[in-house]
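One-letter residues, chain by chain:
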Amino acid sequence: MEIKKNKHVFPNDFLWGASTSAIQVEGAIDVDGRGPSVIDDFRLSDKVCDFSVCCDHYHHLEEDLALMAELGLKSYRFSVSWSRIIPKGNGEINEKGLEFYHQLIDGLIEHGIEPVLTIYHFDYPKGLVEQYGGWSDRRSIEDFVNFCKILFEEYGSKVRYWLTINEQDHVIRIAPRMGLTGKEPNYHQRRYQANHHMCVATAKAIHLLHQMYPESKIGPALSYAPVYPITSKPEDVQAASDATSLMFTYLADLQCFGRYPIRLWKYLKDRNWLPIIEKGDMDLMKQNIPDFIAINYYTSFSAQYDPLIDKNAMGKDNGDIMALNEPGVYKLAKNPNLPLSSYGLAIDPIGLRLSLEELYERYHLPLMITENGLSFKDILEDETVNDDYRIEYYTKHIEAMEDAIETGVELLGYHIWSFMDVTSSHEGFRKRYGLIYVNRDNFDLNDMKRYKKKSFYWYKKLIESNGKNR
Ligand code: BG6
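Everything in this summary refers to the structure shown in the same document. (Residues numbered from 1 in each chain as written. Predicted model: local features only at pLDDT ≥ 70, side-chain atom pairs only at ≥ 80, totals over all residues. Heavy atoms only, no water.)

1. Some thoughts on the overall build of the protein chain
Stated formally: Think of it this way: any DSSP run of H or I at least four residues long counts as a helix, any run of E at least two long counts as a strand, and we number them from the N terminus. In this description the radius of gyration comes from C-alpha coordinates, and the expected globular size is given by 2.2 Å times residues to the power 0.38. By definition, residues are in contact when any of their heavy atoms lie within 4.5 Å. Only the protein chains shown count as cover for residues, and the accessible areas themselves come from Shrake-Rupley with a 1.4 Å probe.
Each helix and strand in the protein chain was counted, giving 14 helices and 14 strands. What you see for the protein chain is a C-alpha radius of gyration of 21 Å, in line with the 23 Å of a compact globule of 470 residues. Relative to all contacts within the protein chain whose residues are 6 or more apart in sequence, the contacts with residues 24 or more apart total 77%. Carbon together with sulfur atoms contributes 50% to the accessible area of the protein chain, which is approximately 18,800 Å² in total.

Below, the structure is given as structure tokens:
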């Protein structure tokens, strides 16, 4: 549908924001009583730095808040570290951990920045894995809800927007993020059992917040993207549709409709991976749906049919963030119509518009973009980075988002990933996303100095003009 660009669509309270997560910025993993997190053992290649220091945001809080204020952010999306607040995951609370986030939230509010708080972003307390194996055990539900209760009691009067779990679909695909090795007996069934527990825990957390702070809003942060058929052959169209369901909409359906979509159910049944569902779970999920859906959007995907030649191949898993192929269902393919980022991801702003429109149409819930960004091996020159490539990426995605709003999508805000360079999941600081360059390469701690990139100044102007000045 052609969009007529005749009006400025961003509401005055649109949340122009930026995003980070605790494990990727804070560092200070053994400071002030923080307990061990599964992510502490998440080894990156030995050539890049791990998650122990990151940008040392924990010790640079005031400086980073001042930069957020200078940028003019309307909102800042961050996560709290569970094991900084409850070192073992349950039981004793660490006051210093609570205090750190009070300082952060108060600092944001002083600067007129709306805090958007992610409760759990890949940062799972090791204590819970040691006690009962973590998410695949049903006890994980109550521990998550107790953690939420503590957060709501502490910060509920200051935080209006809450995100439950970041990219649950990725968490259950990467064993170390759950504190597992992937070699456990029935590992795949455990993954989907963990997924089920996370859904029940999310519903309970939503229920609790609604009781405690009825005016506040809470929703999941999902990774989301369209999957295009690589050709118009019906087999490929079916494969793309199956891939969309198995990769993305299954989770939104579980959380927003409170039901298992038929394709996921069949997929799990065929592989003997069905989760155990207790009486009352599905009703609880149906009755406690999110107030909004947040999405992290970077790229779109394309798929083709992948015939099942060897039955043994079914159910094999590459352990990657997403299954690149599911024999008998789909195989992801390269879309020849889209340019690639230097890290090989298709750059597709229309995919963002499509995602927003499809999600809004399907669930009728307001949306928020919690991550969108372009990674690059940035070069620091004359105390800045001339990241025109990133500005171009953002401009096109913001245009696509504007088109979706004009179609009728209710969009609460847009958060750039990332506010500053963070430790990226696999590449440490070699792969950068930030509006601010943090002087950290390899294992050298350097001086942690922050440098504003060209995109920082560009975004500042865009925010000041409520999206007009691009
Ligand atoms: C999202 C995560 O999956 O993508 C972030 O929520 C992550 O935590 C981001 O950093 C980019 O991924 P990567 O692997 O390039 O760092």
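Here the narrative resumes, following the displayed structure.
2. Thoughts on the site of the ligand
Threshold: To be near a molecule or strand, a residue needs just one of its heavy atoms within 4 Å of it. In the analysis that follows, any N or O atom pair within 3.5 Å is treated as a polar contact, provided that within protein one partner can donate a hydrogen and the other can accept it, and provided that, for residues neighboring in sequence, both atoms belong to side chains. Residues are grouped as follows: Ala, Val, Leu, Ile, Met, Phe, Trp, Tyr, Cys and Pro are nonpolar; Asp, Glu, Lys and Arg are charged; all remaining types, including Gly, are polar.
Around the ligand there are 14 residues in total, and Q24, E167, E371, K431 and Y433 lie nearest to it. Taking E167, its side chain carries an N or O atom lying 2.5 Å from an oxygen atom of the ligand. The contact in question runs from an oxygen atom of the ligand to an N or O atom on the side chain of E371, over 2.8 Å. Protein chains shield 92% of the accessible area of the ligand, which is 380 Å² for the free molecule. Among the residues making up the shell around the ligand, the classes are represented as 4 nonpolar, 7 polar and 3 charged.

3. A short note on the pattern of salt bridges
Selection criterion: Salt-bridge detection follows one rule: a side-chain nitrogen of Lys or Arg within 4 Å of a carboxyl oxygen of Asp or Glu. Only protein chains enter the calculation, and the probe is 1.4 Å; a residue is then buried if its accessible area is under 20% of its type maximum, exposed if over 50%, and partly exposed in between.
Summed over all chains, the structure comprises 27 salt bridges. With a closest N to O distance of 2.4 Å, R160 and E114 form a salt bridge. Taken together, the residues span a long stretch of sequence, with R160 in the loop between α6 (139-155) and β4 (161-166) and E114 in strand β3 (residues 114-120) at a distance of 46 residues. Here D137 ties to R139 by a salt bridge, and the two come within 3.0 Å at their closest N and O atoms. The class for D137 is buried, based on a relative accessible area of 19%. Through salt bridges with shared partners, a single ionic network connects D378, D387, R390, D421, R432 and K453.

4. Quick notes on the packing of aromatic side chains
To keep things clear, this is the line we draw: Paired rings are identified among Phe, Tyr and Trp, the last through its six-membered ring, by centres lying within 6.5 Å, and are further divided according to the angle between planes into stacked (under 30 degrees), edge-to-face (over 60) and tilted (the rest).
Enumeration over the complete set of coordinates arrives at 31 aromatic pairs. Measuring from centroid to centroid gives 5.4 Å for Y124 and W135, while their planes differ by 25°, and the two rings are stacked. With Y124 in the loop between β3 and α5 (126-132) and W135 in the loop between α5 and α6, this pair connects stretches of sequence that are 11 residues apart. The two residues Y124 and W135 agree in class, both being buried.

5. Observations regarding the sheet that holds strand β1 (residues 15-19)
Basically, it comes down to this: In this scheme, strands are said to pair when DSSP sees at least two bridges between them. Throughout, an axis means a line fitted to C-alpha atoms (over the contacting stretch in the case of helices), and angles, computed between N-to-C directions, take values from 0 to 180 degrees.
Pairing within the closed barrel is parallel, and its 8 strands lie in the order β1-β2-β3-β4-β5-β7-β11-β12. Pairs of neighbouring strands in the sheet enclose a mean axial angle of 25°, with direction left out of account. Pairing analysis gives 4 bridges linking β3 to β4, with the strands arranged parallel. Following the sheet pairing, T118 is matched in β4 by L163. The strands touched by α6 within the sheet are β3, β4 and β5 (217-223), with β3 carrying the most contacts at an inclination of about 160°. On top of the sheet, helix α14 (residues 454-464) reaches β1 and β12 (411-417); it is set at about 155° to β1, its chief contact.

6. Points about the sheet that holds strand β10 (residues 330-333)
The strand order across the open sheet built from 4 strands is β6-β8-β10-β9, with neighbouring strands paired in mixed fashion. Looking at the sheet topology across the chains shown, the edges are occupied by β6 (227-229) and β9 (325-326). Contacts between helix α9 (residues 234-256) and the sheet are confined to β6, β8 (301-304) and β10, with β6 contributing the most and set at about 170° to the helix.

7. Side note on unusual backbone geometry
Glycine aside, a negative phi is what most residues show, and trans is what most peptide bonds show. The omega torsion across W417 and S418 is 15°, close enough to zero to call that bond cis. Its place among the elements puts S418 in the loop between β12 and β13 (436-438). Backbone geometry at N466 places phi at a positive 50°, although glycine is not the residue there. Relative to the helices and strands, N466 resides in the segment after α14.

8. Describing the environment of G133
Mapped onto the elements, G133 comes out in the loop between α5 and α6. Residues G133 and L180, 47 residues apart in the sequence, show an inter-C-alpha distance of 8.0 Å. Sequence-distant contacts of G133, defined by excluding residues within four places in its chain, comprise L128, L180 and R190.

Remember that the coordinates give geometry; whether it matters functionally is a separate question.
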